[in-house]
Amino acid sequence: MAYQPKKRKMTAEINVVPYIDVMLVLLIIFMVTAPFVSQGVDVDLPKTQTAETVAQLNKDNDTPPIIVEVDKDGNLGVSIDNADMAHGLSLDELIARVKAELASNPKTLVMVGGDGRTPYANIVETLDALSHAGVGSVGLMTDPLDKPGN
């Protein structure tokens, strides 16, 4: 009787354990770095003594205000329903988003915040565009002025 070697069946298997380890490390890295990612437009609001809070202005309405921001370089951003600030918008995109929100909830306040170093022309251009879009009332955002002795 002649010796016949056993035929081994070849199987192709992928060991997924190293891939799972890499994915878990990436997940941890993204979870740790996520809070450091800056959202929105960096705006340094001017200060005033007579400003009212949004809660005082919005006492009859539960919806959060639409916040339009103009940074020192004239870049526009908008936040609707307390969402993250969408920045880098053109004036037309900003107006479209504001009009869409006001169409669904016409009592929503619109607040414009301009950086203290923003040229006045950029703020006026934004206010004018909002007015032409049918926004009846716009509030200007400020920070409270520090009182002496604080």
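In the nomenclature of an unreviewed UniProt entry, the protein chain is known as Tol-Pal system protein TolR of Photobacterium kishitanii. The Sequence similarities (unreviewed entry) field of the UniProt record for the protein chain holds the comment "Belongs to the ExbD/TolR family." Per UniProt, the comment on the protein chain under Subunit (unreviewed entry) is "The Tol-Pal system is composed of five core proteins: the inner membrane proteins TolA, TolQ and TolR, the periplasmic protein TolB and the outer membrane protein Pal. They form a network linking the inner and outer membranes and the peptidoglycan layer."

Caption draft 1: Summary view of the environment of V68. With respect to the secondary-structure elements, V68 resides in strand β2 (residues 66-70). Taking C-alpha positions, V68 is 4.7 Å from V112, a pair spaced 44 residues apart along the chain.

Caption draft 2: Expanded view of a nonpolar patch on the surface. On the surface, a cluster of nonpolar side chains totalling about 760 Å² of accessible area is made up of I14, V16, Y19, I20, L24, L27 and M31. Assignment of secondary structure puts M31 in helix α1 (residues 17-33). Judged by its relative accessible area of 56%, M31 is exposed.

Caption draft 3: Local environment of the pairing of β2. In terms of burial, β2 is a largely internal element, four of the five residues being buried. Here β2 pairs with strand β3 (residues 76-79) via four bridges, running antiparallel. In the strand pairing of β3, E69 is matched with G77. Linkage of β2 to β3, two consecutive antiparallel strands, is achieved through a turn of five residues, within which G74 is found at a positive phi near 90°.

Cut-offs and rules
- Residues numbered from 1 in each chain as written.
- Predicted model: local features only at pLDDT ≥ 70, side-chain atom pairs only at ≥ 80, totals over all residues.
- Heavy atoms only, no water.
- UniProt positions renumbered as here; feature names shortened; annotations may be inferred.
- Helix = DSSP H or I, 4+ residues; strand = E, 2+ residues; numbered from the N terminus.
- Patch = residues over 30% accessible without salt bridge, like charges linked within 9 Å, V, L, I, M, F, W, Y side chains within 5 Å.
- Areas by Shrake-Rupley, 256 points an atom, 1.4 Å probe, with all protein chains shown as cover.
- Salt bridge = Lys/Arg side-chain N within 4 Å of Asp/Glu carboxyl O.
- Buried < 20%, exposed > 50% of the residue type's maximum accessible area, 1.4 Å probe, protein only.
- Pairing = 2+ DSSP bridges.

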